[in-house]
Amino acid sequence: MAKLKRKEYDELLQPLQLELTAMARWVQHSGQRLLVLFEGRDTAGKGGAIQAISQHLNPRQCRVVALPKPTDREATQWYFQRYATHLPAAGEIVLMDRSWYNRAGVERVMGYCSETEYQQFLHQAPVFEQLLVDDGILLFKYWLCVDQEQQEKRFAERHLDPLKGWKLSPVDLKSRSKYSAYTEAREAMLRATHRDGAPWTLVDFNDQRRGRLTLVRNLLDRLPDTRVDVPLPELPKLKGKLHREHYDVLKPIEDFPVEE
């Protein structure tokens, strides 16, 4: 299947983003709590998928959570504790760029947790998630799939692009030779945590544009009818002459030079 061109992608994404804004209004007016987890291999496209969803949503309502390495204090807490503080309140949407499933993925493969901690996580994660669902949180878990050949192309692109170099961490470099190990870790994670109350959804992201469309469409289809009739406020015409900016104390800096 040919990769989706930018123009075609933009045309297909726009109506989905309009549906997303309607969904956000529904979440706000109904007091729902929406939590979406984005997991997958390095370079799979988690950031792009999150941006496609959040681009036109109110950032005060829709929060993107991408936690750094745990602090020394956080490392001594109950494993789920630092994630629980970022759960959505009424009317909020939270998109997690990696989540508590770090323990079943990178921590497992790279040896950052013990066998006991790993097994404890596999036992506790379904219980923790069922508590969230029972309390009314709308929880969606997505795993973004990418073949190793495509992953290597994206690693090479990051390596050569100074604007994307920050995405290529030492852990990413070490993980390149562990593709099969990550596959095994994912399958073990799915066997332990794919439950009726909080199921996993796998999405092919070898073509990232097509993958974003697939993921967004799936998310919208799994939510109830999100149509909320909210009339637009009137925008009456102002009386009198429109004003220009006026400065007394300071003036704006010079414009960026652009050749015409």
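For the structure itself, consult the block above.
Rules behind the numbers
Residues numbered from 1 in each chain as written. Predicted model: local features only at pLDDT ≥ 70, side-chain atom pairs only at ≥ 80, totals over all residues. Heavy atoms only, no water. Helix = DSSP H or I, 4+ residues; strand = E, 2+ residues; numbered from the N terminus. Buried < 20%, exposed > 50% of the residue type's maximum accessible area, 1.4 Å probe, protein only. Axes fitted to C-alpha atoms, helices over the stretch in contact; angles between N-to-C directions. Parallel < 35°, antiparallel > 145°, perpendicular 65-115°, else oblique. Left-handed = near helix turned anticlockwise from the far one by under 90°. Contact = heavy atoms within 4.5 Å. Nonpolar A, V, L, I, M, F, W, Y, C, P; charged D, E, K, R; others polar. Core = buried A, V, L, I, M, F, W, Y, C linked by side-chain atoms within 4.5 Å.

(A) Structural view of the environment of Pro 59. Structurally, Pro 59 is set in the loop between helix H2 (46–54) and strand E2 (62–65). Residue classification places Pro 59 among the exposed residues on the basis of a relative accessible area of 62%. In sequence terms Pro 59 and Ile 93 are 34 residues apart; their C-alpha atoms lie 9.4 Å from each other.

(B) Region of interest: the packing of helix H5 (residues 115–134) against helix H8 (residues 179–193). One way to put it is that H5 packs onto H8 with a least axis distance of 9 Å and a crossing angle of 45°. Relative to H8, the element H5 lies oblique. Once H5 is placed against H8, the crossing between them reads as right-handed. For the pair H5 and H8, contact is made by Tyr 118, Leu 122, Ala 125, Pro 126 and Glu 129 and by Ala 188, Met 189, Ala 192 and Thr 193, respectively. For the contact of H5 with H8, a count of residues per class yields seven nonpolar, one polar and one charged.

(C) Summary view of the nonpolar core. Core analysis: the largest hydrophobic core is formed by 33 residues, its most contacted members being Ile 53 and Ile 93. Elements supplying a minimum of two residues to this core: helix H1 (6–30), strand E1 (33–40), H2, strand E3 (92–97), strand E4 (138–145) and helix H9 (208–222). With eight residues, the top contributor of residues to this core is H1. Ile 53 has contacts with Leu 20, Phe 38, Leu 95, Leu 215, Val 216 and Leu 219, leaving out every residue within four places of it along the chain. In this structure, Tyr 83, Val 94, Trp 100 and Cys 145 belong to the second largest nonpolar core, which totals 29 residues.

(D) A look at the environment of Gln 14. Looking at the secondary structure, you find Gln 14 in helix H1. Overall, Gln 14 belongs to the exposed group, its relative accessible area being 53%. C-alpha of Gln 14 to C-alpha of Tyr 247: the two residues are 233 residues apart in sequence and 40 Å apart in space.

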